[in-house]
Amino acid sequence: MSNFKFKRGDIVRCKFTGFTGFVDNLVEYKFGCNRYCVQPPMNEAGVVPDAYTIDEPCLELVEERNIEIVDAVPKLKLGYKVYDRIRDVIGVIMGRAYYLNGCIRVIVEVPDSKSRTNESSFWTYEETLEYVTTGRINKQPIDMFPEVTKEEKKEPKKPKTGGPLGRPSSKF
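Residues numbered from 1 in each chain as written. Predicted model: local features only at pLDDT ≥ 70, side-chain atom pairs only at ≥ 80, totals over all residues. Heavy atoms only, no water.

> If you had to explain the overall build of the protein to someone new, which residues and values would you point to?
The helix and strand inventory of the protein stands at zero helices and 10 strands. The helix and strand sequence of the protein, counted from the amino end, reads β-β-β-β-β-β-β-β-β-β. The buried share of the protein, taken over its 172 residues, is 28%. Here the analysis covers contacts within the protein between residues at least 6 apart in sequence; of these, 49% occur between residues at least 24 apart. (Helix = DSSP H or I, 4+ residues; strand = E, 2+ residues; numbered from the N terminus. Buried < 20%, exposed > 50% of the residue type's maximum accessible area, 1.4 Å probe, protein only. Contact = heavy atoms within 4.5 Å.)

Given below as structure tokens:
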């Protein structure tokens with residue numbers, strides 16, 4: 001992870017607009033400054049306002065908060081050439097976002113504008129990507145809705161009965 005000035009959960013304010021909120025996620029890019037997604041708190045009407053992504057030099061610390069976060073470990077480096085098995089495209093990892101809940105997503109830049117999705121870049125999870133080492137990739141897209149054969153179908157398990165008093169469970 002890059003050297004970030006603020007941590008997830010810290011309360012920050014934009015020096016220029018006064019926009020204030022907590023840091024929901026940190027974003028590092030291959031070329032460019034660190035950015036922070038700043039989420040303001042829920043208003044009196046019970047509505048959560050939109051969050052905005054703000055460059056690090058524009059922010060100042062209002063309150064430091066120590067929130068324990070267990071991060072996933074990044075597997076792919078910025079700049080790696082990757083194959084996305086869901087979109088069936090090849091691109092380059094250009095950025096990574098570290099979320100408050102510990103998950104990580106990457107932004108993949110697709111140099112060929114003729115991709116099937118017509119996207120020049122997209123955010124995704126690393127698990128959908130395969131590192132392209134020699135130009136040879138296993139072009140087996142992930143089947144999001146696989147067919148289940150009769151042999152694979154199993155009888156559902158019957159709910160367990162009993163418990164502290166030995167009565168059947170009424171939840172299921």
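> If you had to explain the packing of aromatic side chains to someone new, which residues and values would you point to?
For the structure on display, the rule yields five aromatic pairs. A centroid spacing of 6.3 Å and a plane angle of 75° characterise the contact between Phe 4 and Tyr 98, whose relative ring orientation is edge-to-face. Here Tyr 98 lies in strand S7 (residues 89-99) and Phe 4 lies in the segment before strand S1 (11-14), a separation of 94 residues in the sequence. For the pair Phe 4 and Tyr 98, a shared accessibility class is recorded, and that class is buried. Measuring from ring centre to ring centre gives 5.4 Å for Phe 6 and Tyr 36, while their planes differ by 70°; the resulting arrangement is edge-to-face. Of the two residues, Phe 6 is situated in the segment before S1 and Tyr 36 in strand S3 (residues 35-39); the sequence distance between them amounts to 30 residues. Positioned above the aromatic ring of Tyr 125 is the side chain of Arg 105, whose terminal nitrogen or guanidinium carbon lies 5.0 Å from the ring centre. (Phe/Tyr/Trp six-rings, centres within 6.5 Å; stacked < 30°, edge-to-face > 60°. Lys NZ or Arg CZ within 6 Å of the ring centre and 35° of its normal.)

> Give a detailed account of the pairing of S3, specifying residues and quantitative values.
Burial analysis of S3 places four of its five residues in the buried class, the great majority of the element. With five bridges connecting them, strand S2 (residues 20-29) and S3 associate as antiparallel partners. Its bridge partner being in S3, Val 23 is matched across the sheet by Val 38. Here S2 folds back onto S3, and the loop between the two strands holds five residues, one of which, Gly 32, carries a positive phi near 135°. When S3 meets strand S4 (residues 52-55), the two strands line up antiparallel, connected through four bridges. Of the residues in S4, the one forming a bridge with Val 38 is Tyr 52. (Pairing = 2+ DSSP bridges.)

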